[in-house]
Amino acid sequence: MLMMKMMIITKFRVVVKFLRKGKLVFARSALGRKEKAVTLNILLQAPSTKENERHVRRRTSDVDNDDDDIESEEAMLRDQEERAQLERNIRERDAAGTRKLTEPKLSKKDEEEMIRRSKALEDDDTSSLRKVSRQVYLQKRRDQKLLEIRDDIIDHEYIFEGVKLTEAEERELRYKKKIYELAKEHLDVDDISEYKMPEAYDQDGVVNQEKRFAAAIQRYRDPGAGDKMNPFAEQEAWEEHQIGKATLKFGSKDKKQAADDYQYVFEDGIDFIKESVMDGIQDEDAMPPESPGASSAKSMLQDERKTLPIYPYREELLQAINDHQVIVIVGETGSGKTTQIPQYLHEAGYTKRGKVGCTQPRRVAAMSVSARVAQEMGVKLGHEVGYSIRFEDCTSEKTVLKYMTDGMLLREFLGEPDLASYSVVMVDEAHERTLSTDILFGLVKDIARFRKDLKLLISSATLDAEKFSDYFDSAPIFKIPGRRYPVDIHFTTAPEADYIDAAIVTVLQIHVIQPPGDILVFLTGQEEIETVDEILKHRTRGLGTKIAELIICPIYANLPTELQAKIFEPTPEGARKVVLATNIAETSLTIDGIKYVVDPGFCKIKSYNPRTGMESLLVNPISKASAMQRAGRSGRTGPGKCFRLYTAYNYHHDLEDNTVPEIQRTNLANVVLTLKSLGIHDLVNFDFMDPPPSEALLKALEQLFALSALNSRGELTKVGRRMAEFPLDPMLSKMIVASEKYKCSEEVISIAAMLSVGNSIFYRPKDKQVHADNARKNFHSGFVGDHIALLNVYNCWKETDFSTQWCYENYIQVRSMKRARDIRDQLEGLLERVEIEPTSNPGDLDAIKKAITSGFFHHSAKLQKSGAYRTVKNPQTVHIHPSSGLAEYHPRWVIYHELVLTTKEYMRQVIELKPDWLVEIAPHYYQLKDVEDSGTKKLPRGEGRAEMTQ
DNA sequence: GAGCACTGC
């Protein structure tokens, strides 16, 4: 079984190419077990960050404004395009993303379409296998060519050439052409050229195919057909061969020669060229942490402080802070800015006038930094130096240096709109541009205007210091060098077809020929990590003692804590550790001993479409800033090397400088509510550093109005004021506020807490899925709905006195439950604050459901004849997520918690609803006609009918 | 009958 699986896994290939700025084309040849899937190349364009931006921002400037015709058609076509995009996306994921032993799930129609297209693509006399190889080869050659082509229209035309298009595709192409015409008019695009077939594949001269694809064919030969004894013998031999080859080729390949006898095979050794060196910045003497034989621990710490790169700049910095109100500080990692600057300020007497606050994007950072500073100052943590994070306020009246998370400072604004108790605010790691920092910028800039005594320090990484400076009215930039080792950066010489595979080969190459040192590989998600883990284990097993041991450590946020600890264990002598990580390793955690970084150049990014209210989590190319950050992870304890699985051209021309800030790709309802409760009414003119799309702002206002948090003039209502107290999504806050009316606040805050910990409550290990599912079913008995099931889980856990054992028995993640308990405790405290009586009525599920409906009435959907659902407002077809307890029950009307796009539009966390509740609870939003069934359809069962038709 | 990058309040 495992072997079969391995075969399937290795049969999936993805061709990933950077084509033009910010845009990627993925072409995936999905090799299923059946012919039909074999030759189909599904071409899809992942929405780039740029495109995501376009989802939310109408860029009328892109097209001619005067031409209404084009404008409206464009809008229509854009929808079509998006739709087609999603469909392709879905198909693509079906085919390869899940990597299971199942056929891609396709409708009958799609299937026929695929077969038809496959046939159109295929010559009769070529074996399908060779055909695939050839296609990948063609793809590769074409993509190389396309690197020079600056427009994707040509691309589309080529792809669809000779293939009958679906209606949607045709429309899309028409749209693209129209844009192309416009582009040609307005842009200088001379360099667009026609694509020509590679010479080797002209009509007659198909030369030496057998040899050219020998390795590929060997690899993909059906294991059952040839060698029955050991289906992997071939593959293993081949892999060994590959590794041998990799050793020879690595880093020493003559490029010219390579170009001459260019033979492309899958997973060839990967050639890298060293393109640049990220300079280490260091003072010659100060490099190794000095450990002078100091007399006491405290003075030793004081001496150590003086070795930090920032120390020589102390006086200069203090002078600058004295002279200017706002300063942008550019401090490389390891310069000591986070720990030292607040201390300098303290020593210079700023703390006499008020606190020094320093914000961090992460909780752990706030805690660990404050602990370090307390140690250096020789005081107890929580006295002069403290930290404040959610659930934990470790400060006292004495506290003068306060480290906190940025969200926490934002919350403090609510109680102290002028930050009167602070004399200095330092926004650290500002380049990360979290939602909270972006809002803080606007607020802090605003109060600095009338609080001239308030000093602002904005600390950022190099790349965008000037942007920060511009934003803060040309604030001076103060640069502090860091302490960092040089990192060699290597790019591939040609674009890599399959980044997963390229990463694996690269890891093996490093392992075989590079000096000792651990490897860090950046992947996009849990699934990819598991795949790579499996393949690496398999490939190294075959090698036995020929190579040193390779210890594979996966790390991602949802990994149970005890397994996470593995990455911090020191590597045994003679072995090498390879850490397979998600973005978590980019900023959130630091692993010592990493010397090599493998960076495929992708990560998952969440984006939000304000028009449909749907969120999606898609793979996107990273930004240059991210790439630098990743590379820097290898130079922390010594000189490092970074292997980028893309070309230098890609890096320079295709990657965006910075990741699109979160504020431009998220649901802003919460932001708007916060700002409104701070008394900021003119949101459109609020001084955002990067303003969010106005469409998203409007959507948020609309949503808050519907929740009656705002009145028709856009002012905060009493309900809104209460909602703003809760650190939750406004819909959840509304649900809690509404629970007062239905006398079930106890239950509702449990549900809110459980919902806000996310989807990590139920643990479902691969090998015990059946048990886990059975355990979960117990909580769903009676088709009560997912929200009630979550409530059941929480209550059961509480009854066992928060037992860990109980969690294990029921396949529930303890960590998530503890978090839910913390959140619930906090919410309970806040109930009192907004004067909602804790009331409980466990028997009355309808009351609970009504409270939920009060918050989530937007999210209603109705069953269609087809078995799918349709959302009531902004109609679109959606489905109940299979993990839901109601997946088999299919109630006529449902309320869902969230809509996510994966393989389909799925509603996650669903409860049944009586349609007349919608009119009862949200009469301003729903009218009778919305919930009445039209004449041709059956009326909802039960009592609803009489009431509705009267 | 699917699959969730990462924070944060």
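An unreviewed UniProt entry annotates chain A as RNA helicase originating from Iris pallida. Of the comments in the UniProt record for chain A, the one headed Catalytic activity (unreviewed entry) reads "ATP + H2O = ADP + phosphate + H(+)".

**Student:** Where do I start with helix H35 (residues 845-856) in this structure?
**Tutor:** Helical geometry note: an α-helix holds 3.6 residues per turn, so side chains three or four residues apart project in the same direction. Taking 1.5 Å as the rise per residue, H35 with twelve residues should run 16 Å; its terminal C-alpha atoms sit 16 Å apart, in good agreement. A large share of H35 lies buried, amounting to ten of its twelve residues. Along H35, the residues that are buried comprise Ala847, Ile848, Lys849, Lys850, Ala851, Ile852, Thr853, Ser854, Gly855 and Phe856.

**Student:** I tried to follow the pairing of strand E5 (residues 326-331) on my own but got confused; where do I start?
**Tutor:** Along a regular strand, successive side chains alternate from one face of the sheet to the other. With six of six residues buried, E5 lies mostly within the body of the structure. Both faces of E5 are covered, namely the face carrying Val326, Val328 and Val330 and the face carrying Ile327, Ile329 and Gly331. By the bridge criterion, five bridges tie E5 to strand E11 (residues 455-460) in an arrangement that is parallel. Residue pairing for E11: Val328 is matched across the bridge by Ile458. Relative to strand E12 (residues 477-480), E5 runs parallel, the two sharing four bridges. Along E12, the bridge assignment pairs Gly331 with Ile480.

**Student:** Looking at this structure, I do not really get the sheet that holds strand E10 (residues 422-427). What am I missing?
**Tutor:** Reading across the sheet, the eight strands line up as E8-E7-E9-E6-E10-E11-E5-E12 and stay open at both edges, with mixed pairing between neighbours. The open sheet has two edge strands, strand E8 (392-394) and E12, and neither has a second partner. Taken pair by pair, the neighbouring strands of this sheet meet at an average axis angle of 20°, ignoring direction. The pairing of strand E6 (residues 355-360) with strand E9 (residues 401-405) spans five bridges and is classified as parallel. Residue pairing for E9: Cys358 is matched across the bridge by Tyr403. Lying over the sheet, helix H15 (residues 337-347) contacts E5, E6, E9, E10 and E11, oriented at roughly 145° with respect to E9. Against the sheet, helix H16 (residues 363-377) contacts E6, strand E7 (385-389), E8 and E9, and its axis sits at roughly 170° relative to E7.

**Student:** Explanation requested: the environment of Pro661 in the structure shown.
**Tutor:** With respect to the element layout, Pro661 can be found in the loop between helix H25 (648-654) and helix H26 (669-677). Sequence separation between Pro661 and Leu435 is 226 residues; the distance between their C-alpha atoms is 7.7 Å. Once you skip the residues sitting within four places of it in the chain, Pro661 turns out to touch Arg433, Asp438 and Asp690.

**Student:** Any chance you could explain the pattern of salt bridges here in plain terms?
**Tutor:** Per the stated rule, a full pass over the model turns up 28 salt bridges. Arg833 serves as the salt-bridge partner of Glu725, at 2.8 Å between the closest nitrogen and oxygen. Within this pair, whereas Glu725 is found in the loop between helix H28 (718-724) and helix H29 (730-742), its partner Arg833 is found in helix H34 (residues 814-833), the two being separated by 108 residues in sequence. Overall, Glu725 belongs to the partly exposed group, its relative accessible area being 27%. Here the salt bridges share partners, and the residues they tie into one network are Glu304, Arg305, Arg314, Glu315, Glu347, Arg372 and Glu376.

**Student:** Looking at this structure, I do not really get the protein's contact with DNA strand B. What am I missing?
**Tutor:** Taken together, 32 residues form the shell around DNA strand B, and within it Arg363, Arg390, Ala557, Arg764 and Thr902 come nearest. The sugar-phosphate share of atoms of DNA strand B within 4 Å of the protein amounts to 62%. With respect to DNA strand B, the side chain of Thr582 contributes an N or O atom lying 3.3 Å from a phosphate oxygen. If you list the elements that add at least two residues to the surface near DNA strand B, you get helix H17 (406-415), strand E18 (602-609), helix H31 (769-777) and strand E25 (905-912). Among the elements that make up the surface near DNA strand B, the one with the highest residue count is H17 (three residues).

**Student:** Help me understand the packing of aromatic side chains, please; the structure alone is not making it clear to me.
**Tutor:** How two aromatic rings sit relative to each other is set out by the distance from centre to centre and by the angle between their planes. Taken as a whole, this structure holds 14 aromatic pairs when the rule is applied. Plain terms: the ring middles of Tyr471 and Phe472 are 4.9 Å apart, the flat faces sit at 85° to each other, and that makes the pair edge-to-face. Residues Tyr471 and Phe472 agree in their burial class; the two are buried. Taken together, the ring pairs connect Phe441, Phe468, Tyr471 and Phe472 into an aromatic cluster. Above the face of the Tyr471 ring, Lys445 is positioned so that its terminal group lies 4.2 Å from the ring centre. The cationic tip of Arg776 hangs over the ring face of Phe762; the distance from NZ or CZ to the ring centre is 5.2 Å.

**Student:** Explanation requested: the pairing of E25 in the structure shown.
**Tutor:** Taken across its eight residues, E25 has seven buried, putting it largely inside the fold. Examined bridge by bridge, strand E23 (residues 877-880) and E25 share two bridges and lie parallel to one another. Opposite His879, over in E25, you have Tyr906 as the bridge partner. Bridge count for strand E24 (residues 893-901) against E25 is seven bridges, and the pairing is antiparallel. Along E25, the bridge assignment pairs Tyr896 with Val910. Connecting the antiparallel pair E24 and E25 is a turn made up of three residues.

**Student:** Whenever I open this one, the confidence of the model for chain A confuses me. Can you help?
**Tutor:** Low pLDDT marks regions whose predicted coordinates should not be analysed in detail. In this model, chain A carries an average pLDDT of 72, and 67% of its residues clear a pLDDT of 70 or more. Counted against residues more than four places away or in other chains, residues 120-138, with its pLDDT under 50, gives 41 contacts. Confidence drops under a pLDDT of 50 for residues 934-950, and excluding neighbours within four residues, the segment shows 25 contacts in the predicted structure.

**Student:** Would you explain the nonpolar core in this entry?
**Tutor:** Taken as a class, soluble globular proteins show a tendency for nonpolar side chains to be buried jointly. With 109 residues, the main nonpolar core has Phe441, Leu443, Leu675, Phe726, Ile736, Met817 and Leu827 as its most contacted residues. Among the elements that line this core, the one with the most residues is helix H18 (residues 435-450), at eight residues. The contacts of Phe441, once residues within four sequence positions are left out, are Val427, Ala430, Arg433, Ile458, Phe468, Tyr471, Phe472 and Met689.

**Student:** Before we go on, may I ask you to explain the environment of Asp464 in this structure?
**Tutor:** If you trace the backbone, Asp464 turns up in the loop between E11 and helix H19 (465-471). Non-local contacts of Asp464, meaning those with residues more than four positions away in its chain, are made with His431 and Asn658.

Rules and cut-offs
- Here the residue numbers are simple positions, counted from 1 along each chain's written sequence.
- Labels are handed out in written order, letters beginning with A for the chains and numbers beginning with 1 for the ligands.
- Under the rules for a predicted model, residues below a pLDDT of 70 receive no local features and side-chain atom pairs below 80 are neither given nor counted, while totals for whole chains, interfaces and linings still include all residues.
- Here the side-chain values reflect all heavy atoms present in the structure, with hydrogen atoms and water set aside.
- UniProt positions are given in the numbering used here, feature names are shortened, and annotations may be inferred rather than shown by experiment.
- Strands here mean DSSP runs of E at least two residues long; helices mean DSSP runs of H or I at least four residues long; both are numbered from the N terminus.
- Expected span of a helix: the number of residues minus one, times 1.5 Å.
- Three labels apply to residues, based on accessible area from a 1.4 Å probe with only protein chains included: buried if under 20% of the type maximum, exposed if over 50%, partly exposed otherwise in between.
- In this analysis, strands are considered paired if DSSP registers two or more bridges between them.
- Axes, fitted as lines to C-alpha atoms, cover a helix only where it is in contact. Angles between the N-to-C directions of the axes lie from 0 to 180 degrees.
- By definition, residues are in contact when any of their heavy atoms lie within 4.5 Å.
- Only one rule defines a salt bridge in this text: a Lys or Arg side-chain nitrogen within 4 Å of an Asp or Glu carboxyl oxygen.
- Residues are labelled near a given molecule or strand when at least one of their non-hydrogen atoms is within 4 Å of it.
- Pairs of N or O atoms within 3.5 Å make up the polar contacts considered here, provided that, within protein, one atom can donate a hydrogen while the other can accept it, and that residues adjacent in sequence are counted only when both atoms are side-chain atoms.
- The rule is short: rings of Phe, Tyr and Trp, with Trp giving its six-membered ring, pair when the centres are within 6.5 Å, and they are stacked under 30 degrees, edge-to-face over 60, tilted in between.
- Lysine NZ or arginine CZ positioned within 6 Å of the ring centre and within 35 degrees of the ring normal marks a charge as sitting over the ring.
- The quantity called pLDDT is the predictor's confidence in a given residue, expressed from 0 to 100.
- Think of a nonpolar core as a cluster: buried Ala, Val, Leu, Ile, Met, Phe, Trp, Tyr and Cys residues, connected wherever their side-chain atoms sit within 4.5 Å.

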